[in-house]
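# Observations on the model geometry
In case you want the letters, here they are:
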Amino acid sequence: MQVDTPTLENEFVRLVPLSVKHASALVAVVDKEMWFGMITPVPTTLEQMISDIKDWISVPQRMSFAVIDPKTEAVLGSTSFYEYVPSQDRIEIGSTFYARDVWGGPVNPSCKLLMLDYAFEQLRVHRVALRCDARNARSISAIKKLGATPEGTLRGHRIAADGTRGDTMYFSILAPEWPDVKASLQARLSTFS
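Since we're looking at a predicted model, the values are computed, not measured.

With that out of the way, let us pick up the pairing of strand S5 (residues 90-98). Pairing geometry for strand S4 (residues 75-85) and S5, over 6 bridges, is antiparallel. Residue pairing across strands places Ser80 opposite Gly94, the latter belonging to S5.

Right, here's the structure in full:
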């Protein structure tokens, strides 16, 4: 089943369907440290980024976004929905990366607010999962700050692009938890307005 990728927007970000036209801007924001724990190699060339984007957007149950600054139109990064299983009312958010100069600001909470709102209020899912490499302390902290509940660690779950085997930490937000998570994200974003 192919799903359509929506455009989502608030005052801090606009999420648009990812395409190869975003490749040159995205390759400029990635680096080896940022990519730590990812399964695919760091896309350090335009050709690699184009290939990765084509792979991401070819997956039927995946909705990949370019993250755009609505004021400047600059490409700030990318994020995705994937593992969407409508019959089970579940979806995952991940494959997220942003330019370093927007870390710690409103970009990530804005993206997650828009995506979680879409998942719970439009797709009507019961569960949104998030996962990351257990060695990625920055991602773990960001996921916990969203209000996601830690579910556990899958040991030896995947091999990273650098050949190391890593554990995967899983988190989730359930539909009954969404109102509180939403209020918390809105409160965080109000400090940036």
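This paragraph deals with the state of the cysteines. Going through the model one piece at a time under the given rule, you end up with 0 disulfides. Here Cys111 stays free of any disulfide, with the sulfur of Cys132 as its closest cysteine sulfur at 17 Å. The class for Cys132 is buried, based on a relative accessible area of 6%.

Along an α-helix, residues three or four positions apart point the same way, because every turn accommodates 3.6 residues. Compared with the 18 Å implied by 1.5 Å per residue over 13 residues, the 18 Å span of helix H2 (residues 46-58) between its first and last C-alpha is a close match. Of all the residues in H2, the buried ones are Met49, Asp52, Ile53 and Trp56. Looking down the long axis of H2, one finds its buried residues gathered within 100 degrees of arc, a one-sided arrangement. The secondary structure elements touched by the buried residues of H2 are helix H1 (23-27), strand S3 (63-68) and S5.

Across all of its chains, the model carries 9 salt bridges by this definition. Of the charged contacts in the structure, one is a salt bridge between Arg14 and Glu73, with a shortest N-O distance of 2.5 Å. Remark: Glu73 occurs in the loop between S3 and S4 and Arg14 occurs in strand S2 (residues 14-17); sequence separation between them is 59 residues. Owing to a relative accessible area of 46%, Glu73 belongs among the partly exposed residues under this scheme. Arg100 serves as the salt-bridge partner of Asp31, at 2.7 Å between the closest nitrogen and oxygen. Here Arg100 lies in the loop between S5 and helix H3 (107-122) and Asp31 lies in the loop between H1 and H2, a separation of 69 residues in the sequence.

Turning our eyes to something else, we now look at the environment of Ala175. Within the element layout of this structure, Ala175 appears in the loop between strand S8 (165-174) and helix H5 (178-190). Between the C-alpha atoms of Ala175 and Arg14, which are 161 residues apart in sequence, the distance is 24 Å. Here Ala175 is in contact with Phe120, Val125 and His126, once residues within four sequence places are set aside.

A positive phi angle, near 70 degrees, is found at Glu73, a position not held by glycine. Backbone geometry places Glu83, a non-glycine residue, at a positive phi of 50 degrees. Mapped onto the secondary structure, Glu83 falls in strand S4. Of the residues examined, Glu83 reaches a relative accessible area of 46% and is grouped as partly exposed.

We now examine the sheet that holds S4. Adjacent strands of a sheet pair through backbone hydrogen bonds, lying either parallel or antiparallel. Strands sit in the order S1-S2-S3-S4-S5-S6-S8-S7 across an open sheet of 8 strands; the sheet is mixed. Looking at the sheet topology across the chains shown, the edges are occupied by strand S1 (8-9) and strand S7 (149-159). Here 7 bridges tie strand S6 (residues 127-133) to S8, and the two strands are oriented antiparallel to one another. Across the sheet, Arg131 pairs through a bridge with Tyr170, a residue of S8.

Below, the discussion takes up the pairing of S2. Across 2 bridges, S1 lies against S2 in antiparallel orientation. In the sheet register, Leu8 faces S2, and the bridge partner there is Leu15. Where S1 folds back onto S2 in an antiparallel hairpin, the turn is made up of 4 residues. Summarising the sheet, S2 and S3 pair through 4 bridges and their orientation is antiparallel. Counterpart to Pro17 in the pairing with S3 is Phe65.

Reading the values: rules and limits
Residues numbered from 1 in each chain as written. Predicted model: local features only at pLDDT ≥ 70, side-chain atom pairs only at ≥ 80, totals over all residues. Heavy atoms only, no water. Pairing = 2+ DSSP bridges. Helix = DSSP H or I, 4+ residues; strand = E, 2+ residues; numbered from the N terminus. Disulfide = S-S within 2.5 Å. Buried < 20%, exposed > 50% of the residue type's maximum accessible area, 1.4 Å probe, protein only. Expected span 1.5 Å × (residues − 1). Arc of directions from axis to C-beta. Contact = heavy atoms within 4.5 Å. Salt bridge = Lys/Arg side-chain N within 4 Å of Asp/Glu carboxyl O.

Fair warning: the whole summary comes from geometry, so function is off the table for now.
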